[in-house]
Every structure is written in C-alpha cells, then in structure tokens.
Amino acid sequence: MELLRSNLSRVQIPEPTHRIYKHECCLSFDTPVKPLSFDTPFVFFNRVDGGFDNNEPEYEESYSIVILPDFVSLPFPSVELPEKVRIAVDTVMSAVGAEKREQVAAWTAEEKKVSEHALTLQQIKSGVVIPPSGWKCSKCDKTENLWLNLTDGMILCGRKNWDGTGGNNHAVEHYKETNYPLAVKLGTITADLGAADVYSYPEDDSVLDPHLAQHLAHFGIDFSTMQKTEMTTAERELDQNTNFDWNRIQESGKELVPVFGPGYTGLVNLGNSCYLAATMQILFSTHSFISRYFSHQSLKLAFEMAPADPTLDINMQLTKLGHGLLSGKYSIPVAEKDVATGDVRQEGIPPRMFKSVVAAGHAEFSSMRQQDALDFFLHLLDKVERGNNMRPDLDPSRSFKFGVEEKILCSSGKVSYNKRDDCILSLNIPLQEATNKDELEAFNNQKADKGLEEDNMSTDEIVRPRVPLEACLATFSSPEQILDYYSTALKGKTTAIKTTSLTSFPDYLVLHMRKFVMEAGWVPKKLDVYIDVPDVIDISHMRSKGLQPGEELLPDDVPEEAMESAQPVANEEIVAQLVSMGFSQLHCQKAAINTSNTGVEEAMTWLLSHMDDPDIDAPISNQTSDVDQSSVDTLISFGFADEVARKALKASGGDIEKATDWIFNNPNASISDMDVSSSNSAQTPAQSELPDGGGRYKLFGIVSHIGTSTHCGHYVAHILKEGRWVIFNDSKVGVSTNPPKDMGYLYFFQRLDN
C-alpha cells in the first residue's frame, strides 16, 4: 500500500473526454487488463472471471489493482485504499470503453437518417389506389425492381445496374421531371415499416420515413397485410456478391486443413474490415514489415518510444499487430469447433485499436463500409512513411517504391522525360489478347442460338476470357498517343507518343488489375476474366534506358499562355456519355478533370471510387493567383522544383492532385530539374534512395475480391508460406489446395535477388 501512496500524484481520475480501453490492451491482444493511468509506473485494474455449472457459464468477478513493473497486487475494494484511487477505479468501472464508443460511432454513421422531405411531403389527391400485387412499371414492361413515388403514386422501374440488369431508370427520370422526392420499393413493405426501402432522390440515399404508414394509406396500402417479395437495395448488393467468385476464392466446399502457429494468426472481422485483414496479412509476410515491427522491435521498446498515448501511435499499434500476427501466441485452436463446418478453428485477434489509428481523419476508412483494398494499401504506406519520419533506414514502405519514367516523343522529333515514384503498377487488361478466343466465340454463339443469359447458366458452363499477365505488362509499356500535346519546340499543340518504363525495381512489386470496362451503351462493368499469372515473372525489359545518344530534349520554356490553357476543363464528350448513364453533370465533370480527360472508362473508374467523397458536390475550383505554401511544400516533397510546383498549383486551382497531373501532362515544365548530361536516366534525390535490383520476381501473395465493386463484397488473401499456399479469410487460416492465381485483384511479387 505504501508503494501506491508514494505514487499517488501519478494516479489520474479519468475525465469524461478521456479514452479508457476496457476490453483491449494497448500493448497486446491479451484479455482485459484495464489501464488506470498512462503515467509510470502503470496502475492496472485487473478483472478475473470464472465458474461453470452444468455447462452454463457463470461469472464471479474479482478485482485487484496491479502496480507495474513489479506486478504488486492490491485488493479491491479495500477501505485502506486512498480516496483518490477509489474514485479513479469507480470511474474506470462505470465508463463506456473507448472501443465501444468507436464502434458505436462507426455504426451510427451507417444508420439511415430521417428524410427532411418525409416530414413535409405533400401528396397529390389523384384517387390512385395501389393493389397488393401485380405491379408493373407505368412506362415499360418491368415487373421487378419497382418503386412507388409517394407524391403522385406512379409505379416506375429502378435504375439500370452496371451489368445492364435492373430497371430502365424510369423512376429517377420521373423525379428529374417532377422533383417529387421520395419513393418506396414495392415488395419491401411489410409490417416492419422500418425495413422498407425508402429512397430520397434529393438526398441521394436510402432514408427513413417516420410517416410512411400515413403516406402508404394515402394510396390505399395496408402495410400490415403486405408480404416481402423483393430484396432491399442492400440485400440485392449482397446477393450480387454471391457469384462464381465466391466459392473459387474462398475455396468453399474444400476440406481446408487449419494451420496454427507463428505467422498463421487470423484477424477478426470488425464489420466490413476484410480489406484491412487481407492487406495486413500480406504486408506482415514481407521481410521489411517483419523486421521493422517484430523481429527488431519489441513491444516494450515500441511503448517506450511512443508518445504520451500509445493507443494513438501508428508505430506502437503496428508493432502490437505484428507481434499479434507473428508470435504464434494467439494462433491456437479453441475448444469449440466451427458451427458451420465442424472444423477446428482459432479465434483470431481483433485489430480494433490499429484500425482506429490508421483510419483516423479518413472519412471512409473510419466508417464500417467496405473499402477498396488498393486504396487502403496506399493509405497505409503513406501512414507508415509519415510514422517513420521519412527515414529510409526505418521505413518499410520504401520496399514497395520504384521510379517511373515517361518519355514523350514530340512530332518535332525532340523528346522530354518525366519521373515520379510509385508503389503499384496499375494494369489494363487487354481482352483482345485472350488465349481462348475460339472457345469464347463458340460459347457466345451458343448463347445467341439458345437465347441464354449467363445469370441462368451454371458456372461450369460459362466460358471466360483468359489473358496472360505478360500481355497486361506489355500494354503498360506500349507506346501511347497523346493528343493536343503542347510542344515547346513547335510553339503549339501537336500529337506526341508517350512510353512508360521503370527506373528502379522494388523489393516487392504490387500489380493492380483494372477490372472495370465499358460495354455497349457505355455501361460500366467489372470484367469477368481470368488472368494467367506465372509463379515467376521477368520485367527486365521494362527498365528505362534514359536519354539516348542523338536524342534532343525539348526546350524547357513553358509560355504563360500554355500554363493558363492548362486550367482544368472537362471533355464535353466524356461528360455527356457519363451523364447519359444517370450521373450528375458536376460529378461527371470532376471525373473527367481528375483523370485528365483520358477517356470514359478511366473517368467512370474514378467516379465509382469517389462517389462518397465529402467534397464530391463542392464546386470545381477556379484558377487562383495565390497558392498555399503547404501545398507547394507537399509537391516539393514529391521531388518537384519550387517554381514548377507553383506553376502547377496556379494552373490547377490549388488542388494538389490536379497539380500533380498537370506536371505529368506538361513534362517540359520540370525538365530543368533533371540532369540530362549523360545517357543514363537522372534520378531525383528521392529516387536515388529507392531499392533496386534485378527484374525477376516470384509470386508470394494474392488479394482476391468477390463482388461487383471494390467497395462491396469480400476480400481474401492467399500467401505462399514455407513452400505452401495458405488462405487467410478473416479469422480462418488454412492450407490452400487451389489458390485462385487467375482471379486476383492485387498480386504481390518478391524480387528474387532480394
């Protein structure tokens, strides 16, 4: 007791704003040990559960105060305890845990909101009475996916899906004509009105209508007698995810042998967190992450180096996660078998604290929505780089970085070179290079002859294109035509040829397969395609040769009028095609601008992945004469010169992303910053520090995606460990008998000479 009294000044009584972790230790994934203070020595409040009777668990809770580092234990409650300690302990016991607060906050963000239009909805007295069944769209023959407009009683079909299924957009077109705001999906109305699918067109979201019973009664609908016959929008999305990918990628139906021990620890799904789990399992299979956060970093050292609150430190939480995944301490079979399969299983570890830290300040990753594993991978590498204070000797993210060089050949015969760093190779999939064209043609002819749709065929009957990975890599390196390129040699716009190569080869090469394309009618669709990926690839031919003898560089002067003409302007044709699909004019303009008017497919890909951006509805920035110094500093940190950064920001309205695109599309602006005195490529200081080696790589990891969009569905990781492939499906870890090498979304390769 004297030890406690001597450190009484260090005991803190928690305030309502303090975060108290009651269910997760900030240093490990062990069971509850509750910190009372972050000061040293630590005072812990320890709870012990126990007791079983007739196979029904009963809990007897006993508490003690433990003083570290010597684990001196004091009983609680005790009349001998100082009043300050008793108050602090009572406060901890009664507080809502930080984990619970964070989880509730994330879920609350996903709850439907009451529509403001529902409270003031004016319904037209048209005498329309809606029958309990037998509905049909008023403008076409659709009998499914029907929506009842709650203002005038019109029954109209819903939006057309990416794959051409669904409705004919008549409901949304009716809103555009009338501005009648709310519609309810017929077939989702039951006695449970809260589960009905109500959509607000002005709010562009599913909403709650507290007066739905009254609004339905206006059209003679007795909700208490209605039966559910249609899926809600959310249910439909989930159903679409259950396609041929599901069984292949998850290896369902196969007897997977569970694996336990160091490096085989599963991650508990926190609610749409499989993108995080799949990514982290692969990252902690790389030497760079293992060394930084496990083999050369103890939990104690990470804690001592952390700031005042280790729960908010990215390095502490990565170390905690690394030790949790790699130590083997938590990869042990539990007594209860899997209820669904009867297999021996492990519980896995819940990465709650890590997710909270890495997602802090990010509107999407801090939510409970599904996210793009690629976006998370890039976001995490940025966090890791910042967390290591830009020190290459510590930063494991640099093992993924490589230099990219773009050579532009002007019609004048002169050239320019532009360089940047990247962490992924994003590859288009050239379907014209499919190796099974004869089978595809026969399959398509059979479908046409029999009038079959793939939705009505078994997965074994469907023939899908098979494209070699080599063809995707060749497409990346192939010459690309640039229209309206401003040539400083010709003092005007012309056509140029751009070729892309690599100035360095990273320790780990990540390939991203771009699986979204445009079909007839400009309908975006996820490619139903196999990629034949070999175990070993050689990209030596992709290395840059730099400035060649006899090549003459384009002049580096960029006239002011050329810079001003680079003010972002959306291509009208691209915008018109996107608008015809039902997207807003502003969103389409932003998509075109942010993809440098490359094409409809690229704009659609951008649009689909940025629909939830908080500034998606903000007006497009106009050019400004002044630029923010912090934005200039950011571009300088990318390796661009101060003058070039300022020009780009002025031409891009101060937007860093658009400014970066401007620099890439106007490489002459940065040519003065490149050393072109030799025949070899000059490297920026950042590029000169990048890892490099030979061009031969071995496949060791696959992140596969199930679903119609990267923002829905499910992610699974397959990793080559100890000479065998292992599947990591959230908390399930087992030997893979048939890894889906041809169905990956992200492929991870390790350089063989690394």
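Residues numbered from 1 in each chain as written. Predicted model: local features only at pLDDT ≥ 70, side-chain atom pairs only at ≥ 80, totals over all residues. Heavy atoms only, no water.

Under an unreviewed UniProt entry, the name given to the protein chain is Ubiquitin carboxyl-terminal hydrolase, and the source organism is Brassica napus. Per UniProt, the comment on the protein chain under Catalytic activity (unreviewed entry) is "Thiol-dependent hydrolysis of ester, thioester, amide, peptide and isopeptide bonds formed by the C-terminal Gly of ubiquitin (a 76-residue protein attached to proteins as an intracellular targeting signal)." The heading Function (unreviewed entry) in the UniProt record of the protein chain holds the text "Recognizes and hydrolyzes the peptide bond at the C-terminal Gly of ubiquitin. Involved in the processing of poly-ubiquitin precursors as well as that of ubiquitinated proteins." (UniProt positions renumbered as here; feature names shortened; annotations may be inferred.)

S.K.: Quick question: what am I supposed to make of the nonpolar core here?
M.R.: Looking at soluble globular proteins, one finds that nonpolar side chains tend to be buried together. Counting residues in each nonpolar core, the largest one holds 50 residues, and the members touching the most others are Met 280, Phe 284, Leu 321, Phe 354, Phe 400 and Phe 748. Excluding residues within four positions of it along the chain, Phe 284 makes contact with Phe 289, Ile 290, Tyr 293, Leu 318, Leu 321, Gly 322, Leu 325 and Leu 326. In terms of nonpolar packing, the next biggest core, distinct from the first, is built from 32 residues, Tyr 175, Leu 212, Leu 216 and Ile 221 among them. (Core = buried A, V, L, I, M, F, W, Y, C linked by side-chain atoms within 4.5 Å. Buried < 20%, exposed > 50% of the residue type's maximum accessible area, 1.4 Å probe, protein only. Contact = heavy atoms within 4.5 Å.)

S.K.: Which parts of the structure should I look at to understand a negative patch on the surface?
M.R.: A surface patch of negative charge is lined by Asp 204, Asp 205, Asp 612, Asp 615 and Asp 617. Inspection of the secondary structure puts Asp 615 in the loop between helix 20 (600–609) and helix 21 (629–637). (Patch = residues over 30% accessible without salt bridge, like charges linked within 9 Å, V, L, I, M, F, W, Y side chains within 5 Å. Areas by Shrake-Rupley, 256 points an atom, 1.4 Å probe, with all protein chains shown as cover. Salt bridge = Lys/Arg side-chain N within 4 Å of Asp/Glu carboxyl O. Lys, Arg positive; Asp, Glu negative; His and termini not counted. Charge placed at Lys NZ, Arg CZ, Asp CG, Glu CD. Helix = DSSP H or I, 4+ residues; strand = E, 2+ residues; numbered from the N terminus.)

S.K.: Would you mind going over the packing of helix 18 (residues 572–579) against helix 20 with me for this structure?
M.R.: How two helices sit against one another is set out by the angle between their axes and by the gap between those axes. Packing of helix 18 against helix 20 leaves a shortest axis separation of 10 Å and a crossing angle of 55°. It follows from the interaxial angle that helix 18 and helix 20 lie oblique. For the pair helix 18 and helix 20, the crossing hand works out as right-handed. Along its contact with helix 18, which presents Ile 574, Gln 577 and Leu 578, the element helix 20 presents Val 600, Ala 603 and Met 604. In the contact of helix 18 with helix 20, the residues fall into five nonpolar, one polar and no charged. (Axes fitted to C-alpha atoms, helices over the stretch in contact; angles between N-to-C directions. Parallel < 35°, antiparallel > 145°, perpendicular 65-115°, else oblique. Left-handed = near helix turned anticlockwise from the far one by under 90°. Nonpolar A, V, L, I, M, F, W, Y, C, P; charged D, E, K, R; others polar.)

S.K.: Please clarify how the sheet that holds strand 18 (residues 492–502) should be interpreted in this entry.
M.R.: Hydrogen bonds between backbone groups are what pair the strands of a sheet, and the pairing can be parallel or antiparallel. The sheet built from four strands is open, its strands ordered 14-13-18-17 with antiparallel pairing. The sheet terminates laterally at strand 14 (415–422) and strand 17 (480–487), the two strands that pair on one side only. For this sheet, the mean inter-axis angle between neighbouring strands, taken without regard to orientation, is 35°. As defined by bridge partners, strand 13 (residues 402–409) adjoins strand 18 across six bridges and the pair is classed as antiparallel. The residue bridging Leu 409 from the neighbouring strand is Ile 497, located in strand 18. (Pairing = 2+ DSSP bridges.)

S.K.: Help me understand the packing of aromatic side chains, please; the structure alone is not making it clear to me.
M.R.: By convention here, two paired aromatic rings are described through the distance between centres and the angle between planes. Scanning the model with the defined rule gives 17 aromatic pairs in all. Ring plane angle 75° and centroid distance 6.4 Å describe the contact between Trp 147 and Tyr 199, whose orientation is recorded as edge-to-face. Of this pair, Trp 147 sits in strand 8 (residues 146–149) while Tyr 199 sits in strand 11 (residues 198–200), and the two are 52 residues apart along the sequence. Exposure class is identical for Trp 147 and Tyr 199. Each is buried. (Phe/Tyr/Trp six-rings, centres within 6.5 Å; stacked < 30°, edge-to-face > 60°.)

S.K.: When you look at the sheet that holds strand 8 in this model, what are you seeing that I'm missing?
M.R.: An order of 7-12-11-10-8-9 is seen for the six strands of this open sheet, with the pairing classed as mixed. The sheet terminates laterally at strand 7 (113–114) and strand 9 (155–157), the two strands that pair on one side only. Of the pairings in the sheet, the one linking strand 11 to strand 12 (residues 205–208) comprises three bridges and is antiparallel in character. Across the sheet, Ser 200 pairs through a bridge with Asp 205, a residue of strand 12. Helix-sheet contacts for helix 5 (residues 170–178) involve strand 8 and strand 9, and the interaxial angle to strand 9 is about 120°.

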